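One-letter residues, chain by chain:
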Amino acid sequence: MKTTYQLTTATLLVLVATILGGCSDDEPGNSQDNGQPITDVFQAGQAFDLIKGISAELNSSLNEDFEQGTEFAGDQGIVTITGNKDYTSTSSSSSTSTTSLANIDLSFEGYSSINQVNCTLDGTVSYYNYYRNRVACSSSTCASSSKHSQSVDAESIRITFLSEGGEWITDEL
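None of the values given here were measured: they were computed from a predicted structure. (Residues numbered from 1 in each chain as written. Predicted model: local features only at pLDDT ≥ 70, side-chain atom pairs only at ≥ 80, totals over all residues. Heavy atoms only, no water.)

Notes on the overall build of the chain
Then, in step 1: Secondary structure summary: the chain contains 2 helices and 6 strands in total.
Then, in step 2: Its helices and strands taken in sequence order, the chain reads α-α-β-β-β-β-β-β from the N to the C terminus.
Then, in step 3: When burial is assessed residue by residue, the chain has 27% of its 173 residues classed as buried.
Then, in step 4: A separation of at least 24 residues holds for 52% of the contacts in the chain among residues at least 6 apart in sequence.
Then, in step 5: Of the roughly 10900 Å² of accessible surface on the chain, a fraction of 48% belongs to carbon and sulfur atoms. (Helix = DSSP H or I, 4+ residues; strand = E, 2+ residues; numbered from the N terminus. Buried < 20%, exposed > 50% of the residue type's maximum accessible area, 1.4 Å probe, protein only. Contact = heavy atoms within 4.5 Å. Areas by Shrake-Rupley, 256 points an atom, 1.4 Å probe, with all protein chains shown as cover.)

See below:
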């Protein structure tokens, strides 16, 4: 799906005035280096969603049979990934089964994802993702079942992100 944005003259003027007038870096929440801590459940949820999303994004970039360490450079910083991934698929004349398992540790060092440049991570995240799907058919019908479980466990992770309210948030979780 392609999204198109149109900027009116008034919107452009407000944008230019904001950039040129700027916000004082002395006020908490107005710069990456001087972000305020998480103050509500909404910001905490946003932080978790960012950590989970970046972890899932990195997991999807690994080979299906990943069993060693690797390092990725982001828009800024690096992430070192260790652990393993496994993917199996079996089929017969009447059934198909696929299983995908990822159990990886991500060590972030000032990492900003290319797809999420307004978020920087420092620290370690353990990411687990399990998915199983099975389809079995008889001569007259088919049945399917699937199971998905996922967990994200952060150990002393520092996150800096631009909140949906437009303020920079910096906190250690």
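Focus on a negative patch on the surface
Then, in step 1: Among the surface-exposed residues, Glu64, Asp65, Glu67 and Asp86 lie close enough to one another that they form a single negatively charged patch.
Then, in step 2: Exposure remark for Asp86: the relative accessible area of 42% places this residue in the partly exposed category. (Patch = residues over 30% accessible without salt bridge, like charges linked within 9 Å, V, L, I, M, F, W, Y side chains within 5 Å. Salt bridge = Lys/Arg side-chain N within 4 Å of Asp/Glu carboxyl O. Lys, Arg positive; Asp, Glu negative; His and termini not counted. Charge placed at Lys NZ, Arg CZ, Asp CG, Glu CD.)

Topic: the environment of Gln68
Then, in step 1: Along the chain, the position of Gln68 falls in the loop between α2 (41–60) and β1 (70–73).
Then, in step 2: When the C-alpha positions of Gln68 and Thr82 are compared, they lie 5.9 Å apart, and in sequence the two are 14 residues distant.
Then, in step 3: When residues no more than four places from it in sequence are discounted, the contact partners of Gln68 are Ile81, Thr82 and Gly83.

So, the confidence of the model for the chain
Then, in step 1: Per-residue confidence for the chain gives a mean pLDDT of 82; residues scoring 70 or more make up 80%.
Then, in step 2: Every residue in residues 1–31 scores below 50 in pLDDT, and together they form 20 contacts with partners more than four places removed in sequence or on other chains. (pLDDT = per-residue confidence, 0-100.)

So, the packing of aromatic side chains
Then, in step 1: Scanning all chains against the criterion turns up 1 aromatic pair.
Then, in step 2: On the numbers, 5.6 Å between centres and 45 degrees between planes, the contact of Phe108 with Tyr111 is tilted. For the pair Phe108 and Tyr111, one class covers both residues: buried. (Phe/Tyr/Trp six-rings, centres within 6.5 Å; stacked < 30°, edge-to-face > 60°.)

Points about the sheet that holds β1
Then, in step 1: With antiparallel pairing, the 6 strands of this open sheet are ordered in space as β1-β2-β3-β4-β5-β6. Strand pairing shows two members of the sheet lacking a second neighbour, β1 and β6 (168–172), which therefore form its edges. Across the sheet, the mean angle separating the axes of adjacent strands is 30 degrees when strand polarity is ignored.
Then, in step 2: Examined bridge by bridge, strand β4 (residues 116–137) and strand β5 (residues 142–162) share 18 bridges and lie antiparallel to one another. By the bridge assignment, Val125 is partnered in β5 with Ala154.
Then, in step 3: Sheet strands in contact with α2 are β1, β2 (76–91), β3 (95–113), β4, β5 and β6, and its direction is about 115 degrees off that of β5. (Pairing = 2+ DSSP bridges. Axes fitted to C-alpha atoms, helices over the stretch in contact; angles between N-to-C directions.)

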